[in-house]
Amino acid sequence: MTKQVYKFGGSSLSSAKRYHAVANICQQLAYGDAIVVSAAGKTTDTLVRLWSCYHNQDHKGVGEVIALLKDHQCALVSELLGDKSEVYAHFIDDINAISQRAGCAELEQAWLLAHGELWSARLLAHYLNKQGVAATHFDSRKLFVVAQNNLKHQENTARCQALKSDQLNVVTGFIASDEVGNTVTLGRNGSDYSATLLGKYINASSVTIWTDTQGVYSTDPRKVEKAVKYNKISQQQAQQLARLGNPVLHAKTLTPLKDSDIKLVVRSSYDSHSDGTQVVANEQAKAKRFLTTLASVDVFQLTHNNKDSIRELSIILQHPLQPLEVEGNTLLLVPSQFGEQVASYYLQDAVLIESNVSGVAIVSEAGSESQLLESAKALLEKQSMTLRGAWSQNGFAILLGDQLLESDTLSLLHEELITAKQELAVIVAGIGNVGEVFLSQLNDQLARLNTLLPVKLVGLLRSSTSLLNGQGIELATASANFKNNAKASSPEQIIEFIKELDYGHKVVIDITASESFSKLYPEFALHDCHIISANKYAGTAELNWYENLRRLQTEKNLLWRYNTSVGAGLPINFALKDLQNSGDKITKISGVFSGTLSWLGANYSLDKKFSDLVEQARELGFTEPDPREDLSGRDVQRKLLILARELGLSLELDDIELSAWMPNELAEGSWQDALAKRELLDTFVEELALDAQREGNTLRYVAELDTTTSPITAKVGLKAVAPSAAVATLTPGDNIFVINSVWYADNALIIQGPGAGREVTAAGVHSDLYWLCHKLSE
Ligand SMILES: Nc1ncnc2c1ncn2[C@@H]1O[C@H](COP(=O)(O)OP(=O)(O)O)[C@@H](O)[C@H]1O
Ligand SMILES: N[C@@H](CC(=O)OP(=O)(O)O)C(=O)O
């Protein structure tokens, strides 16, 4: 049976709530799997502080830090297992042992630091037991032995056979032992390395690193809001990032995976449903760009490039070192904490040229490093940063100065050097009427879009067939290509395709009118896909579903544009958003929201039979094949709901009062059946029109939303209006949106024009796509 390894970092175990979330993930695992844990939250940092107080003989400090550790762990254990539990008692014994050793100068650093992981493994295993899951905790000092700085792989593989196949195995990360049983650590952040080592030792099929971000991003998403999550990154770039000190993966994580088929994935324990980032073989991922900060490094110049010495020093420090070849010189960048060790290792063979400097590294596709370095230099100099060193080499560039880079400087660099290169993959669903026109316009639009960011069409979908090509589909021949090469495809296949797309950004453009397709939107969001929809179903779906989708999109920084779902190309949603963003408060929206009903309203008069007019409209292609879909008013009701939700109102479709432009008796059977009873329709309309005429009014099919009434008025139906009213003087077929707000109180803002039609709708979708590209490139 194939086994899997799951590693939960400190960020995933920082509180009782987080342990609970981790336990929920573990519930899904199979017995025999291994779970590698780090110390909870910042426990290792606290233990390092304790060591430093002890080392400096700061007895008061020792007491204070021990109290801190006690507070944190006791709270965790009490909340999860109670203070009468075996784990609680064991922890108290441990802390007493630490205090006692500190008191009699017998503390040993690695032994002390090991406690964070020991506490986590014990607590998680017992907490899983409490939840009915069989789990045992293992002290990895009994599994991983190191001799002269080298792991004894053969022996360790044999030792790891001790893991149980009928339980979950919770193993401490970060720690190992030497040949005589003394504790050693694998370096800060070393639990990632423990996880891949264990993966190798137990021949696991995958190792999943669970952390607090949804994967590996173009830069730290906590510092740069617009950081882009990558679905796939190459092992080479992951390694490069890690060597430069990026914390998302420890520098040695990839070493045990060399020449193995073990998959490596980074995922978020905060959002266990989302895909993470797969770290794949170099040829399976496009080269990406990354920014990573460097804090407190020393730069040494070596008198000669001795690769063996660098390798040996990396082993001693448990930190892979990255030599830089600059104009015939070899430079070595090391975290300042190792500066003294490096100096005493090399003695006269290395000269310290910069001490305690900070800055940034850019990891990029080969060939662009020197250009990126020059651009970054110019940007940083503009920010008044004095550079102490700037170098580039195959695959990366480094810029160092006196200060750590602030978020705004990082964001600027990210915007100028990283985002600009992210490609957008476009999948167009629905290539019928409007879709065809959209595609034919896309060719011309591409030049404009490409000035913002590179855009590539990768998928064309119809209801049950699709043409999918992650490398890109030639636009000029796309329609013919679809006709000849489209294959039957299920929603699952489409989702899988989207999941695997190796692009910085992805968007599904939904030009279908399919409710079942709209149900896939949450899946699109889970796979980091933006959405543009002309389709009205998702925007008017049941509130709970709709709000969950919105929440997911917000959490993942995803954009959803749906301007054409109301009023085709008319910029109605845009206008509402814009007014609200500029501080206005919209009080009322009313108007005629259907081209068909607009045409019928403008052309009807008492000297005509309404049913004849409807038939005429149907023959002209102005109605749906079954005109009752228009006459029911359901479509207008959906449009009003989309606008109401745009204003932040939590309404359901049925909260909007609906009266159809036909009597209920006509709803049954086919349109032909309804036509057989056409006099019912004619009388229904005639009576209402006569009533209106008596008051000097005329009939229009109107949608109305008024937020100033209590309760809110939201209704759709026929209304008698003055012949001079804006809704009555409309060009037949046009839509009109009448907006009242605090600023447009007495004199309404009116948006009017064709609210349907292939060209304007397709152009409206392009407007959304342009907006999306603009936003992504900002
Ligand atoms: N490019 C990046 N992608 C994702 N996270 C990053 C990146 N660069 C820096 N980070 C930071 O790495 C952190 C995860 O590393 P770490 O705190 O060591 O996690 P853990 O405790 O799970 O091992 C994230 O919280 C994030 O702030
Ligand atoms: N607890 C150790 C090891 C580790 O890997 O931690 P994390 O997985 O939280 O980065 C450290 O802080 O260095």
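The rules we used
- Residues numbered from 1 in each chain as written.
- Chains lettered and ligands numbered in written order.
- Predicted model: local features only at pLDDT ≥ 70, side-chain atom pairs only at ≥ 80, totals over all residues.
- Axes fitted to C-alpha atoms, helices over the stretch in contact; angles between N-to-C directions.
- Helix = DSSP H or I, 4+ residues; strand = E, 2+ residues; numbered from the N terminus.
- Left-handed = near helix turned anticlockwise from the far one by under 90°.
- Contact = placed C-beta atoms within 7 Å.
- Nonpolar A, V, L, I, M, F, W, Y, C, P; charged D, E, K, R; others polar.
- Pairing = 2+ DSSP bridges.
- Buried ≥ 20, exposed ≤ 12 C-beta atoms within 10 Å, placed from the backbone.
- Near = placed C-beta within 6 Å.
- UniProt positions renumbered as here; feature names shortened; annotations may be inferred.
- Arc of directions from axis to C-beta.

As a further point, take the packing of helix α12 (residues 369-382) against helix α13 (residues 407-418). When two helices pack together, their arrangement is captured by the angle between the axes and the distance separating the axes. Two elements in contact, α12 and α13, have axes whose closest approach is 11 Å; the angle formed by their N-to-C orientations is 145°. You can see that α12 and α13 cross each other, and the crossing is right-handed. The segment α12 lies against α13, with L372, S375, A376 and L379 engaging L412, L413, E416 and L417. For the contact of α12 with α13, the per-class residue count stands at six nonpolar, one polar and one charged.

Take the environment of N394 next. Note that N394 resides in the loop between β17 (387-393) and β18 (396-401). When the C-alpha atoms of N394 and V363 are compared, they prove to be 9.3 Å apart, with 31 residues separating the residues in sequence.

A separate point is the sheet that holds strand β29 (residues 713-721). The strand order across the open sheet built from six strands is β27-β29-β28-β26-β30-β31, with neighbouring strands paired in mixed fashion. Across the chains shown, the open sheet's two edge strands, defined by having one partner strand only, are β27 (657-658) and β31 (749-754). Where strand β26 (residues 586-592) lies against strand β28 (residues 698-706), four bridges are found, and the strand directions are antiparallel. Bridging across to β28, K588 finds its partner in D706. Packed onto the sheet, helix α24 (residues 634-646) meets β26, β27, β28 and β29 and runs at close to 30° relative to β28.

To continue, consider unusual backbone geometry. The omega angle of the peptide bond from S710 to P711 is -5°, so this bond is cis rather than trans. Assignment of secondary structure puts P711 in the loop between β28 and β29. The phi dihedral of S296 falls on the positive side, at around 50°, and the residue is not glycine. Within the secondary structure, S296 is located in strand β13 (residues 290-302). For S296, a count of 14 C-beta atoms within 10 Å translates into the label partly exposed.

We now examine the site of ligand 1. Inspection of the region around ligand 1 gives 20 residues, with G9, S11, T211, Y217 and D220 positioned closest. Looking at the shell around ligand 1, its residues break down into six nonpolar, 11 polar and three charged.

What UniProt calls "domain: Homoserine dehydrogenase catalytic" (unreviewed entry) maps, in this numbering, to residues 571-769. Span residues 571-769 is 41% helix and 21% strand, its end C-alpha atoms 14 Å apart.

Let us look at helix α22 (residues 610-619). Those residues of α22 not exposed but buried are F610, S611, V614 and A617. Down the axis of α22, the smallest arc covering the buried residues is 120°, so these residues share one side. Across α22 from its buried face, at more than 90 degrees, point the exposed residues D612 and E619. The elements touched by buried residues of α22 are α21 (595-603), α25 (671-676) and α26 (678-694). Phi for G621, located one or two positions after α22, is positive at around 80°.

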